[in-house]
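# Structural overview for review
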Number of protein chains: 2
Amino acid sequence: MVVLIAKNTVKEGLQEEFLEIAKEMIARTREEAGCISYDLAGDQNDTQVFYFIEKYQDEKAVEFHRATEYFQTLVPKIAALRVKPSEVSTCTVVE
Amino acid sequence: MVVLIAKNTVKEGLQEEFLEIAKEMIARTREEAGCISYDLAGDQNDTQVFYFIEKYQDEKAVEFHRATEYFQTLVPKIAALRVKPSEVSTCTVVE
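Residue indices begin from 1 for each chain and proceed along its sequence in written order. To read the labels, note that chains go from A and ligands from 1, taken in the order they are written. Restriction of local features to residues with pLDDT of at least 70 applies here, the model being predicted, together with a cutoff of 80 or more for giving and counting side-chain atom pairs; totals for whole chains, interfaces and linings are based on all residues. Side-chain figures throughout are based on the complete set of non-hydrogen atoms in the structure, without hydrogens or water.

### A word on the overall build of chain A
- Numbering of helices and strands starts at the N terminus; helices are DSSP runs of H or I of at least 4 residues and strands are runs of E of at least 2. Looking only at helices and strands, one finds three helices and four strands in chain A.
- Along chain A, from the amino end to the carboxyl end, the secondary structure elements read β-α-β-β-α-α-β.
- Each principal axis of the C-alpha distribution contributes one length, and for chain A these read about 35 × 30 × 20 Å.
- When checking whether two residues touch, look at their non-hydrogen atoms; a contact exists if any pair is within 4.5 Å. Excluding contacts between residues fewer than 6 apart, the proportion of contacts in chain A whose partners are at least 24 apart in sequence is 71%.
- Only the protein chains shown count as cover for residues, and all accessible areas are computed by the Shrake-Rupley method using a 1.4 Å probe. Of the roughly 4,800 Å² of accessible surface on chain A, 51% is carried by carbon and sulfur atoms.

### Things to note about helix α1 (residues 15–29) of chain A
- Taking 1.5 Å as the rise per residue, α1 of chain A with 15 residues should run 21 Å; its terminal C-alpha atoms sit 20 Å apart, in good agreement.
- Elements in contact with the buried residues of α1 of chain A: β1 (2–9), β2 (35–43), β3 (49–56), α2 (59–67) and α3 (69–80) of chain A. Working rule for helices: expected span equals 1.5 Å times residues minus one.

### Some details on the relation of the copies chain B and chain A
- When chain B is brought onto chain A, the operation consists of a screw motion whose angular component is 180° and whose axial shift is 0.0 Å, with 0.0 Å RMSD remaining. What the rotation and shift describe, once combined, is the action of a two-fold rotation axis.
- A share of 100% of the interface residues of chain B reappears at the interface of chain A, consistent with the copies meeting face to face through the same patch. Only residues with pLDDT of at least 70 in both copies count here: their C-alpha atoms drive the least-squares fit that superposes the copies.

### Quick word on the interface of chain B and chain A
- Across the contact, 27 residues belong to chain B and 27 residues belong to chain A.
- For the chain B and chain A pair, buried surface summed over both sides reaches about 2,200 Å², with 56% attributable to carbon and sulfur atoms.
- The quantity reported as buried area is the accessible area (1.4 Å probe) lost by two parts once they are put together, taken as the sum for both. In terms of surface lost to chain A, no three residues of chain B exceed Q44, V94 and E95 of chain B, which account for 29% of the buried area on that side.
- Only one rule defines a salt bridge in this text: a Lys or Arg side-chain nitrogen within 4 Å of an Asp or Glu carboxyl oxygen. Across the chain B-chain A interface, the total number found is two salt bridges.
- A salt bridge links K55 of chain A to D39 of chain B; its shortest N-O distance comes to 2.9 Å.
- Polar contact is the term for a pair of N or O atoms within 3.5 Å; when the atoms are in protein, one must be able to donate a hydrogen and the other to accept it, and sequence-neighboring residues count only if both atoms are side-chain atoms. Counting every contact that joins chain B to chain A gives 14 residue pairs in polar contact (both at pLDDT 80 or more).
- Elements with a contribution of two residues or more to the side of chain B that touches chain A: β1 (2–9), α1 (15–29), β2 (35–43), β3 (49–56) and β4 (87–93) of chain B.
- Tallying contributions element by element places β2 of chain B first for the side of chain B that touches chain A, with six residues.

Set out below in structure tokens:
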């Protein structure tokens, strides 16, 4: 099982716009067969920081996700709202 | 809903010892009523880095977790195996 933790730092004042796009990504991704869970969480100590916490069956499921039309469309929109590129930790579930 | 992302950097060579203690914490915590999910994931790009990804119903469930006997016993043991204190992001699930 693969877990991605993607830290997104959003430009001040653009959080609502970010959330709107993020929610579309979440809804679409949760329908993917290989997606086990997909959550968005806001850092309680920094209103500009959000984490996508994504759990997939395997690498193939991650590749499927990244090849979807909505991923290709939504990611650039999200990127435009960020202060800097997302910081992604790619992990393997141990337990 | 509360999500904690706890980044643990383990001393080189002590990963097995860390995993043994971590697995006990995971098994005990998953039995807590307020614990929705509790995973441990290893960073694919750094064999010393592990993330506890913990989802709780609310703040009260987090407080319950931290007041348990096993939390009080196991956390110091885990701390002794780390290079530095864990870096915890306390988040609220947005979606």
